[in-house]
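Residues per chain, in single letters:
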Amino acid sequence: MTRPSQVLPQLAVLLLFLLVSSSAASTLDDTCKSVSASNKDLAYDYCVKFFQACKGSATADKRGLAVIATKIIRAAAVSTGRRIATIKASQGDDRRIQGPLADCDELYSSAVDQLDAAARGISSGKFQDALTNLSAAADAPQTCEEGFRELGVSSPLADEDSKFSKECSIALAVTNTL
Ligand SMILES: *[C@@H]1O[C@H](CO)[C@@H](O)[C@H](O)[C@H]1NC(C)=O
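Residues numbered from 1 in each chain as written. Predicted model: local features only at pLDDT ≥ 70, side-chain atom pairs only at ≥ 80, totals over all residues. Heavy atoms only, no water.

**Brief notes about the overall build of the chain**
Each helix and strand counted, the chain has six helices and zero strands in total. Each helix (α) and strand (β) of the chain, taken in turn from the N terminus, gives the series α-α-α-α-α-α. Across the 178 residues of the chain, 37% fall into the buried class. Taking the intrachain contacts of the chain between residues at least 6 apart in sequence as the baseline, contacts between residues at least 24 apart amount to 66%. (Helix = DSSP H or I, 4+ residues; strand = E, 2+ residues; numbered from the N terminus. Buried < 20%, exposed > 50% of the residue type's maximum accessible area, 1.4 Å probe, protein only. Contact = heavy atoms within 4.5 Å.)

Following this line, the structure appears as C-alpha cells:
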C-alpha cells in the first residue's frame, strides 16, 4: 500500500501545476477575449490559435503576449519577403508587377525594423512608442495592395497581406491594453 507521505508531495506538485497552468491559461484567455471584444474581425479562436504558434504564450503575462505577438508577425514579414523574392524571380513575363513588388519588398523589410523596435519598446515599457512602430508596420499590407490595385493587376500577395493585417490588429489590440 502506498503511504500518504509518498502521495502528498506528488499531490502538492500536481496542485501547483494545476494552479500555475490555469492562471497562465487565463491570461491568454482574457487577452483573446478582450481582443475579440474590441475588434469584430478578430475571433477569439483565431486569436488563441495565433498565440499557440509560440509555446511561451501559455505561461506569458500580458506584456509577454504583446512581445510574442510582435515576434510572430516579424517572422511573417520575413517570410513574405522571401515569397516576394520567389515571385520576382519567376515573373519574367509580367514586368508591370515588378514595381509594386519592389515597393512591397521595401514595405515588409521596413516592417521588420518597426517590429524589432516595437518588441524593444514593449519590453522596456515604452508602450506609446511601441504602438507607433506597430501602426507603421500594420500599414505595410494595405500600401502593398494599393500598388497592385492602381495598376489594375491582381495581387500575388493578397493572402499574405490580409493575414499580416489581421495579425497586426492582434498585436495592436494587446499592446493597447498595456
Ligand atoms: C519606433 O517609434 C519611435 C517613436 O515614434 C521612433 O522614434 C522610431 O524611429 C521607430 N522605429 C523605427 C524602426 O522606425
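Anyway, onward from the coordinates.
**Overview of the environment of Lys163**
When you line up the elements, Lys163 lands in helix 6 (residues 158–176). Sequence spacing of Lys163 and Ile73 is 90 residues, and the spatial spacing of their C-alpha atoms is 9.6 Å.

**So, helix 6**
In this model, helix 6 (19 residues) spans 27 Å end to end at C-alpha, consistent with the 27 Å of a helix rising 1.5 Å per residue. Taken as a whole, helix 6 has its buried residues at Glu160, Asp161, Phe164, Glu167, Cys168, Ile170, Ala171, Ala173, Val174 and Thr175. (Expected span 1.5 Å × (residues − 1).)

**Overview of the nonpolar core**
Phe51, Phe148, Leu157 and Phe164 are the most contacted members of the largest nonpolar core, which has 44 residues in total. Broken down by secondary-structure element, the contributors of at least two residues to this core are helix 1 (4–38), helix 2 (44–52), helix 3 (62–90), helix 4 (98–123), helix 5 (127–151) and helix 6. Take this core: its biggest share by element is eleven residues, from helix 3. Look past the residues within four positions of Leu157 in its chain and what remains in contact with it is Thr80, Arg83, Ile84, Ile87, Leu101, Cys104, Cys144, Glu145 and Phe148. (Core = buried A, V, L, I, M, F, W, Y, C linked by side-chain atoms within 4.5 Å.)

**Observations concerning the site of the ligand**
Contacts to the ligand come from Asp113, Gln114, Ala117, Asp129, Thr132 and Asn133. In this structure, an oxygen atom belonging to the ligand sits 3.0 Å away from a side-chain N or O atom of Gln114. Contact between the ligand and Asn133: an oxygen atom at 2.4 Å from a side-chain N or O atom of the residue. Burial of the ligand by the protein chains amounts to 50% of its free accessible area of 360 Å². Secondary-structure elements contributing two or more residues to the shell around the ligand are helix 4 and helix 5. Residue composition of the shell around the ligand, by class: one nonpolar, three polar and two charged. (Near = heavy atom within 4 Å. Polar contact = N/O pair within 3.5 Å; in protein donor to acceptor, adjacent residues only side chain to side chain. Areas by Shrake-Rupley, 256 points an atom, 1.4 Å probe, with all protein chains shown as cover. Nonpolar A, V, L, I, M, F, W, Y, C, P; charged D, E, K, R; others polar.)

Everything listed here is a matter of geometry and, on its own, says nothing about what the molecule does.
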